[in-house]
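Observations on chain architecture
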Amino acid sequence: MNPVLVLGGGPAGLSAAAELAALGAPTLLVERESYLGGNPQRWHYSLLAPDLRPAQEVMGPLLSRVENHPSIERRLSTSVVRAELRPKGYQVVLKTQDSTETRDVSAVVLATGFDHFDSRRKYEYGYGRYPDVLDFKEVEQMLHEDRVVRPSDGKPPRRIAWILCVGSRDVQVGNPWCCRMGCVVSIKQAVEVRQRHPEIDAYVYYMDIRTYGLWEDLYWKSMQEYGVKFVRGRIGAVTLAEGGSRLIATGEDTILSRPTEVPFDMIVLASGMEPGTGTKEAATLFGVPVGPEGFLTPRVSDLNPVDSGLPGLFFAGAATGPKAIPDAVTEGMGAALRAFQYARL
Ligand code: SF4
């Protein structure tokens, strides 16, 4: 049996590869970056919502299942640059910096993931211009290193604000969808900051809070146990205060229906999820339909999110839309089973 190709080494791809190997299928795991683990690894995620478990505790076992399995051939810093449908499976061309190689594979799992929205596109928030405006992947790194300080002067902040829905639910930037994770990750970060530094005030500016299912619990805990303050409103702009040492968030408090202008030491933007570069490339290479948002479109998305409807091609994780890590891992397992069935027929 030719190997099953898993494209993408984030949580969904790792899960698919581990499952395929457990089923006894030879597996070819291709990742364009030089490491496995996807965005959680790239941005050094700290604790995961809602249980506040270290990301390493979740990702570590998944990584070691893949790294230690003899049936999984791992190809890092490698891209697929051509794909052709064959009577059974695909023929693909793999490319590294200095080589190309043609391989036959019996089925394909696309687990090409997402990219964080580039917050510089929301110019009015000053990301990239003001060092103390961060987006939440950078705060993950700070929390991971247990060093919450203002990048401008290395001093601990006294007041931090999180602005939700940056690059999501925003038709002006072409992203009308909800990122699904921005609320809960921001709340989780505010809780982490308050746990470690109760002297720091944490404010969250929101349109609505969307912490679906059991994750709502963390929202209530953040207020009742950790004193995180929530303000329903829209921040229209972030500017530097006179003297340049603080930031001013200007907007509207939509509960009080009045303008608001509040100083902060640090502002965190909850940047949304967009289709990853690899997802866009895979759509073209494999001729997969994409929705208006650019994510891959399953044949029957509300019944079966892993079947593409094309022969031998399956989806997993955030390649089809914003997704939490547990959902991505579960889809990785589902896609692996469907790919295995197809490859064995
Ligand atoms: S999950 Fe929250 S932050 Fe993200 S777009 Fe939806 S409402 Fe906004």
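Above: the structure in question.
Position labels on residues start from 1 in each chain and follow its written sequence. Per-residue local features are limited, in this predicted model, to residues with pLDDT of at least 70; the limit for side-chain atom pairs, both in listing and counting, is 80 or more; totals at the level of whole chains, interfaces and linings are taken over all residues.

1. Points about the overall build of the protein
Scanning the protein for helices and strands turns up eight helices and 19 strands. The globule rule is 2.2 Å times the number of residues to the power 0.38, and the radius of gyration it is compared with is taken over C-alpha atoms. In summary, the protein has a C-alpha radius of gyration of 21 Å against a globular reference of 20 Å for 345 residues, a match within 12%. With respect to the principal axes defined by its C-alpha atoms, the protein has extents near 65 × 40 × 35 Å. Each residue is classed by its C-beta neighbour count within 10 Å, where at least 20 other C-beta atoms makes it buried, 12 or fewer makes it exposed, and intermediate counts make it partly exposed; the C-beta atoms are placed from backbone geometry. Split into buried and exposed, the 345 residues of the protein put 47% on the buried side. For the protein, long-range pairs separated by at least 24 residues make up 65% of all intrachain contacts whose partners lie at least 6 apart in sequence. Numbered from the N terminus, helices here are DSSP runs of H or I no shorter than four residues, and strands are runs of E no shorter than two. Contact definition: two residues whose C-beta atoms, as placed from backbone geometry, lie within 7 Å.

2. Observations regarding the packing of helix 1 (residues 11-23) against helix 3 (residues 55-67)
At a closest axis distance of 9 Å, the pairing of helix 1 and helix 3 adopts a crossing angle of 45°. Of the possible angle classes, the one that applies to helix 1 and helix 3 is oblique. In the crossing of helix 1 with helix 3, the sense of the turn from one axis to the other is left-handed. Residues Pro11, Leu14, Ser15, Ala17 and Ala18 of helix 1 form the contact with helix 3, whose participating residues are Leu62, Leu63, Arg65 and Val66. Note that Gly is not counted as nonpolar here; it falls among the polar residues with everything else outside the nonpolar set of Ala, Val, Leu, Ile, Met, Phe, Trp, Tyr, Cys and Pro and the charged set of Asp, Glu, Lys and Arg. Across the contact of helix 1 with helix 3, the residue classes tally to seven nonpolar, one polar and one charged. For helices, the fitted line uses only the C-alpha atoms of the stretch in contact; every axis is such a line through C-alpha atoms, and the angle between N-to-C directions lies from 0 to 180 degrees. Should an angle lie under 35 degrees it is considered roughly parallel, over 145 roughly antiparallel, and from 65 to 115 roughly perpendicular; all remaining angles are considered oblique. Crossing handedness: left-handed means the near helix sits turned counterclockwise from the far one by under a right angle, and right-handed means the same turn made clockwise.

3. As for the pairing of strand 9 (residues 107-110)
As a general feature of sheets, a regular strand has side chains that alternate between the two faces. Both faces of strand 9 are covered, namely the face carrying Ala107 and Val109 and the face carrying Val108 and Leu110. Relative to strand 9, strand 1 (residues 4-7) runs parallel, the two sharing four bridges. Each residue of the ladder has a partner; that of leucine 7, found in strand 9, is leucine 110. Two strands make a pair as long as DSSP finds a minimum of two bridges between them. Relative to strand 19 (residues 313-315), strand 9 is paired through three bridges, and the arrangement is parallel. Looking at the pairing, valine 108 lines up with leucine 313 of strand 19.

4. Overview of the site of the ligand
Residue proximity rests on one test: whether the C-beta atom, placed from the backbone, lies within 6 Å of the molecule or strand. Not every one of the 14 residues close to the ligand is listed here, only the nearest: Cys165, Ser168, Cys178, Gly182 and Cys183. Elements represented by at least two residues in the shell around the ligand include exactly strand 12 (159-166) and helix 5 (182-196). Classifying every residue of the shell around the ligand gives seven nonpolar, three polar and four charged.

5. Examining unusual backbone geometry
Phi angles above zero are rare outside glycine, and histidine 44 is one such case at about 50°. Considering the arrangement of structural elements, one finds histidine 44 in the loop between helix 2 (38-42) and strand 3 (47-48). One non-glycine residue, arginine 180, lies in positive phi territory at about 70°. Within the fold, arginine 180 resides in the loop between strand 12 and helix 5. Since 20 C-beta atoms lie within 10 Å of it, arginine 180 is described here as buried.

6. Re the environment of leucine 62
Among the structural elements, leucine 62 can be located in helix 3. Its 22 C-beta neighbours within 10 Å are what place leucine 62 among the buried residues. Between the alpha carbons of leucine 62 and tyrosine 203 there is a distance of 34 Å; along the sequence they are 141 residues apart. Those residues in contact with leucine 62, other than ones at most four positions away along the chain, are Pro11, Leu14, Ser15 and Ala18.

7. Comments concerning the environment of leucine 52
For leucine 52, the position within the fold is in the loop between strand 3 and strand 4 (53-54). Between the C-alpha atom of leucine 52 and that of glutamine 189, which follows or precedes it by 137 residues, the distance is 9.8 Å. Other than its neighbours up to four places away in sequence, leucine 52 contacts Leu47 and Lys188.

8. Some thoughts on the sheet that holds strand 19
By way of backbone hydrogen bonds, the strands of a sheet pair with one another, either parallel or antiparallel. The strand order 5-2-1-9-19 describes an open sheet built from five strands, whose pairing is parallel. If you trace the sheet from one side to the other, it starts and ends with strand 5 (72-75) and strand 19, each paired once. Strand-to-strand twist across the sheet, computed as the mean angle between neighbouring axes with direction ignored, equals 20°. Along the sheet face, helix 1 touches strand 1, strand 2 (27-30), strand 5 and strand 9 and points at about 165° away from the line of strand 2. Helix 8 (residues 325-344) rests against strand 1, strand 9 and strand 19 of the sheet, and its axis sits at about 165° to strand 9.

9. Observations regarding the packing of helix 5 against helix 6 (residues 216-224)
Contact geometry of helix 5 with helix 6 gives a least axis separation of 10 Å together with a crossing angle of 35°. With respect to the hand of their crossing, helix 5 and helix 6 are arranged in left-handed fashion. Of the residues in helix 6, those touching helix 5 at Val184, Ile187, Lys188, Ala190 and Val191 are Leu218, Tyr219 and Ser222.

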